[in-house]
Amino acid sequence: MKRTHPEKGQYGYRNYHKKAELLKIAAGAAVILIQLGARMLTERVSLQNLLTVMAIVSVLPVANLAAPLLAAFPYRTPGEDFHQKLMPYEDRTAVLYDLILTSKEYIMPMDGILIHPTGVYCYCTNPKLSVQKAEVFLNQMFQSHRLDPHVKILTDEKSFFKRAASLKPASEYEDDGSVEYTVNLLKNLSM
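Reading the values: the criteria
- Residues numbered from 1 in each chain as written.
- Predicted model: local features only at pLDDT ≥ 70, side-chain atom pairs only at ≥ 80, totals over all residues.
- Heavy atoms only, no water.
- Buried < 20%, exposed > 50% of the residue type's maximum accessible area, 1.4 Å probe, protein only.
- Helix = DSSP H or I, 4+ residues; strand = E, 2+ residues; numbered from the N terminus.
- Pairing = 2+ DSSP bridges.
- Contact = heavy atoms within 4.5 Å.
- Right-handed = clockwise from strand over helix to strand, strands pointing away.
- pLDDT = per-residue confidence, 0-100.
- Axes fitted to C-alpha atoms, helices over the stretch in contact; angles between N-to-C directions.
- Parallel < 35°, antiparallel > 145°, perpendicular 65-115°, else oblique.
- Left-handed = near helix turned anticlockwise from the far one by under 90°.
- Nonpolar A, V, L, I, M, F, W, Y, C, P; charged D, E, K, R; others polar.
- Salt bridge = Lys/Arg side-chain N within 4 Å of Asp/Glu carboxyl O.

Draft legend 1. Region of interest: the pairing of strand 2 (residues 107-116). The buried fraction of strand 2 amounts to nine of the ten residues, a majority that puts the element mostly inside the structure. For strand 1 (residues 94-102) and strand 2, the ladder comprises eight bridges, and the chain directions are antiparallel. Bridge pairing in strand 2 links A94 to I115. Between the antiparallel neighbours strand 1 and strand 2 lie four residues. As paired elements, strand 2 and strand 3 (residues 119-124) share six bridges and run antiparallel to each other. Residue pairing across strands places I113 opposite C122, the latter belonging to strand 3. Hairpin connection of strand 2 to strand 3: two residues between the antiparallel strands.

Draft legend 2. Expanded view of the environment of C122. Mapped onto the fold, C122 is located in strand 3. For the pair formed by C122 and I107, sequence separation is 15 residues and the distance between their alpha carbons is 13 Å. Ignoring sequence-local partners within four residues, the contact set of C122 consists of M110, G112, I113, V151, K152, I153, L154 and F160.

Draft legend 3. Layout of the pairing of strand 3. Counting buried positions along strand 3 yields six of six residues, so the element is predominantly enclosed. Residues of strand 3 alternate between two faces, with G119, Y121 and Y123 on one and V120, C122 and C124 on the opposite face, all of them buried. Here four bridges tie strand 3 to strand 4 (residues 151-154), and the two strands are oriented parallel to one another. Its bridge partner lying in strand 4, C122 is registered against I153. For the handedness criterion, the β-α-β arrangement of strand 3, helix 4 (residues 131-144) and strand 4 is classed as right-handed.

Draft legend 4. Summary view of the confidence of the model for the protein chain. Model confidence for the protein chain is summarised by a mean pLDDT of 87, while 98% of its residues fall at 70 or above. Across the protein chain, the secondary-structure element scoring lowest on mean pLDDT is helix 2 (residues 45-72), at 85, and the one scoring highest is helix 5 (residues 157-166), at 93.

Draft legend 5. Region of interest: the packing of helix 1 (residues 13-41) against helix 2. One can describe the packing of helix 1 onto helix 2 by two numbers: an axis separation of 9 Å at closest approach and a directional angle of 160°. If you check the angle between helix 1 and helix 2, you find them roughly antiparallel. Of the two elements, helix 1 crosses helix 2, and the hand of that crossing is left-handed. Counted together, K18, E21, L22, K24, I25, G28, A29, I32, Q35, L36, A38 and R39 of helix 1 and Q48, L51, T52, M54, A55, S58, V59, V62, L65, A66, L69 and A72 of helix 2 form the full contact between these two elements. When grouped by side-chain class, the residues that make up the contact of helix 1 with helix 2 number 15 nonpolar, five polar and four charged.

Draft legend 6. Expanded view of the pattern of salt bridges. Going through the model one piece at a time under the given rule, you end up with four salt bridges. Of the charged contacts, one joins K85 and E157 as a salt bridge, the two residues approaching to 3.2 Å between their closest N and O atoms. On the criterion of sequence distance, the pair formed by K85 in helix 3 (residues 80-86) and E157 in helix 5 is long-range, its members being 72 residues apart. The exposure class of E157 is partly exposed, given its relative accessible area of 27%. A salt bridge links E135 to K152; its shortest N-O distance comes to 3.8 Å. Placement of the pair is E135 in helix 4 and K152 in strand 4, with a sequence separation of 17 residues. Classification of K152 by relative accessible area gives partly exposed; the value is 38%.

Here's what the structure looks like:
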């Protein structure tokens, strides 16, 4: 049986993505070390210079992989109990898991996001987040993508689940395509 990996927005994505990126970084670091090792084994100056330049040029892509990973490293996939509590709401509205949204000022690890015709309700676990500024940023982002700016960030798990329980099924609202568009936008904005 073919084992599939979680995609962006699915439960378990953060942990999977971290492991995949670590493997890419380790492979890149190994290539750099092999190039430097090969440099030591040759006596031709022109080949030594070429291998040095190749190692230096190889550092940039590895650093580009490592930078976002370092920023997101402290944030793990929430426990399975969180997933089990949120799963029943998938029948009422679109639910995304494990996204990390960023602005110039903040890293916003969203353990769960409810995308409903009445708004977008995010559960963020960053204790240093200025919720008001982050909401302004996300609402402006939504406006720039021609969506209604109805994003609410909740940092308390009980409040998030209380909001989830209060939502009527999305099927009771007219479908104008904005929910699906919002889902895709949030996935694209996530690390």
